[in-house]
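Residue-level structure breakdown
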Amino acid sequence: GLHDECQYLFQPQLIVQRAVAVPALYPEYTTEQLLPAHNRSALYKVFVPQYTSGLRVRLLGCRIGQRSVESCPLLIRLRAKAPPLHNSSSQDCSAPAVCQLLVAMPLWQHWYYVLVERTSISAAIYFQLNTQLQDCSRPGLSRSSSGPSSSLNMPQSFGGGLSSLEGLPAPGFPLSAANMSWVDPTILQPSCWPIRPTLRNELDTFSVHFYIFFGPNVVVPPDRSALFSINLLPVLDSGGVLNLEIRLNTSSAQGENLTVFGCLNHGVPLISGDNLSISCQTDSHSGFPLSVNITHGISRLRIPYPQTGTWYLNLRSLCSSEHG
């Protein structure tokens, strides 16, 4: 206490700049656009609904005045939930190749913002914008070509009536391929697999248990993911801790060098990796990884104050055997 008391005065200030009247792009529709000579850029937005496995934005039909040009002096940028920045995903349209941006597993129920800006030439530039969504929400797409839903330990009676059971693309779906042609009708219909819901059981005032139909044992196929959804309710499930435990049934491994990887993520499932490695993050978002194997058969995860909404658990298996 042998010091002089000081009084401080803080005056915090928050300045918010809103982008109003941003034109909306509608998937599957090609719209004519104009970038006036006195404007450096133009901003657009497209909404990504639930159960969308991919987003593509294309810029085509570039013209300067009435003259079509092969090298378009434009740049497109893309970002979720906010206007793009200098480090956002971008594509220079000056090359003769197709000018497009592809996003695998975009954020669900959010707006994506498209920024078109000129790189040179102070003249009026006419162009077309086209957006496409890869949709896995229809029950007809939720049937995987590799086998019936019973291989996922899923009761057949739930095979198409609930939206939470509708599917996602198979891991081999070439969404990120640079030369992918979305005009091909076979590519527009990716194979999907179901998302299995968890049932809610309120044990007491402060404890909620989520369990799986015909669980707790589940089958993780060797060629695709097993997906589960956990829905945390606003208010009721706020302020707690989300506890998740994965336990490997070692008796089913039969001596194989088996590893099961898990990824828990909010809002959208994370599906990335191949038969050699599994990743729990993409360029736009990341999740919580887990793994179990023959040596370490239990993995636990504790998330304090989890965000409400839907969480997705993605399980993948890696086996040293050639047959999976």
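Parameters at a glance
Residues numbered from 1 in each chain as written. Predicted model: local features only at pLDDT ≥ 70, side-chain atom pairs only at ≥ 80, totals over all residues. Heavy atoms only, no water. UniProt positions renumbered as here; feature names shortened; annotations may be inferred. Salt bridge = Lys/Arg side-chain N within 4 Å of Asp/Glu carboxyl O. Buried < 20%, exposed > 50% of the residue type's maximum accessible area, 1.4 Å probe, protein only. Helix = DSSP H or I, 4+ residues; strand = E, 2+ residues; numbered from the N terminus. Pairing = 2+ DSSP bridges. Axes fitted to C-alpha atoms, helices over the stretch in contact; angles between N-to-C directions. Core = buried A, V, L, I, M, F, W, Y, C linked by side-chain atoms within 4.5 Å. Phe/Tyr/Trp six-rings, centres within 6.5 Å; stacked < 30°, edge-to-face > 60°. Lys NZ or Arg CZ within 6 Å of the ring centre and 35° of its normal. Disulfide = S-S within 2.5 Å.

The heading Sequence similarities (unreviewed entry) in the UniProt record of the chain holds the text "Belongs to the TMEM8 family." Taken directly from UniProt, the Subcellular location (unreviewed entry) text for the chain runs: "Cell membrane".

Counting across every chain of the model gives 5 salt bridges. Ionic pairing is found between arginine 200 and glutamate 202, a salt bridge with its closest N-O pair at 3.2 Å. Under the relative-accessibility criterion, arginine 200 is labelled partly exposed at 27%. Among the residues examined, glutamate 202 registers a relative accessible area of 48% and is labelled partly exposed. A salt bridge links arginine 300 to glutamate 245, with the nearest nitrogen and oxygen atoms 3.0 Å apart. Placement of the pair is arginine 300 in strand S18 (residues 298–304) and glutamate 245 in strand S15 (residues 241–247), with a sequence separation of 55 residues. Residue classification places arginine 300 among the exposed positions, given a relative accessible area of 59%.

Reading across from one edge, S13-S12-S14-S19-S16-S17 is the order of the 6 strands in this open sheet, with mixed pairing throughout. A strand with exactly one partner marks an edge of an open sheet, and here the two such strands are strand S13 (208–212) and strand S17 (288–293). For this sheet, the mean inter-axis angle between neighbouring strands, taken without regard to orientation, is 25°.

Another aspect to go through is the nonpolar core. Ranked by internal contacts, the top residues of the largest apolar core, which has 36 residues, are Leu55, Leu59, Tyr112, Val116 and Phe127. Sorting the residues of this core by element identifies strand S2 (41–48), strand S3 (52–64), strand S5 (74–80), strand S7 (99–104), strand S8 (110–118) and strand S9 (125–135) as the ones contributing at least two each. Looking at this core, the element that brings in the most residues is S3, giving 5 residues. In terms of nonpolar packing, the next biggest core, distinct from the first, is built from 21 residues, Ile230, Leu248, Ala253 and Leu301 among them.

Within a pair of aromatic rings, the relevant descriptors are the distance that separates the centres and the angle that separates the planes. The full count for this structure, using the stated rule, is 4 aromatic pairs. Taken together, a centroid distance of 5.5 Å and an interplanar angle of 80° make the contact between tryptophan 108 and tyrosine 312 edge-to-face. With a gap of 204 residues between them, tryptophan 108 in the loop between S7 and S8 and tyrosine 312 in strand S19 (residues 309–319) connect regions that are remote in the sequence. Of the two residues, tryptophan 108 and tyrosine 312, both sit in the buried class. An angle of 40° between the planes, with centres 6.2 Å apart, marks the rings of phenylalanine 288 and tryptophan 311 as tilted. Of this pair, phenylalanine 288 sits in strand S17 while tryptophan 311 is found in strand S19, placing the two residues 23 residues apart along the sequence. For phenylalanine 288, a relative accessible area of 34% translates into the label partly exposed. Exposure remark for tryptophan 311: the relative accessible area of 5% places this residue in the buried category. Ring pairs connect the aromatic residues Tyr51, Trp108 and Tyr312, which therefore count as one cluster. Its guanidinium or amino end placed over the ring of tryptophan 111, lysine 45 lies 4.3 Å from that ring's centre, counting from NZ or CZ.

Let us look at the sheet that holds S5. Ordered in space as S2-S8-S5-S6, the 4 strands form an open sheet in which the pairing is antiparallel. Both outer strands of the open sheet, S2 and strand S6 (89–92), are each paired with one neighbouring strand and no more. When strand polarity is set aside, the average angle formed by the axes of neighbouring strands in this sheet is 20°. Of the strand pairs in this sheet, S5 and S8 are connected by 7 bridges, and their pairing is antiparallel. Note on S8: the bridge partner recorded for alanine 80 is tyrosine 112.

Bringing the state of the cysteines into the picture now. According to the stated counting rule, one finds 3 disulfides in the structure shown. Here cysteine 62 connects covalently by a disulfide to cysteine 72, the sulfurs 2.1 Å from one another. One quick way to see it: the torsion about the S-S bond of cysteine 62 and cysteine 72 is about 70°, and its sign makes the bridge right-handed. Placement of the pair is cysteine 62 in strand S3 and cysteine 72 in the loop between strand S4 (67–68) and S5, with a sequence separation of 10 residues.

This part is about the pairing of S3. Two faces make up the sheet, and in a regular strand the side chains alternate between them. Here S3 pairs with S9 via 10 bridges, running antiparallel. By the bridge assignment, arginine 56 is partnered in S9 with glutamine 132. Across 6 bridges, S3 lies against S7 in antiparallel orientation. Bridge assignment links glycine 54 to a residue of S7, and that residue is alanine 104.

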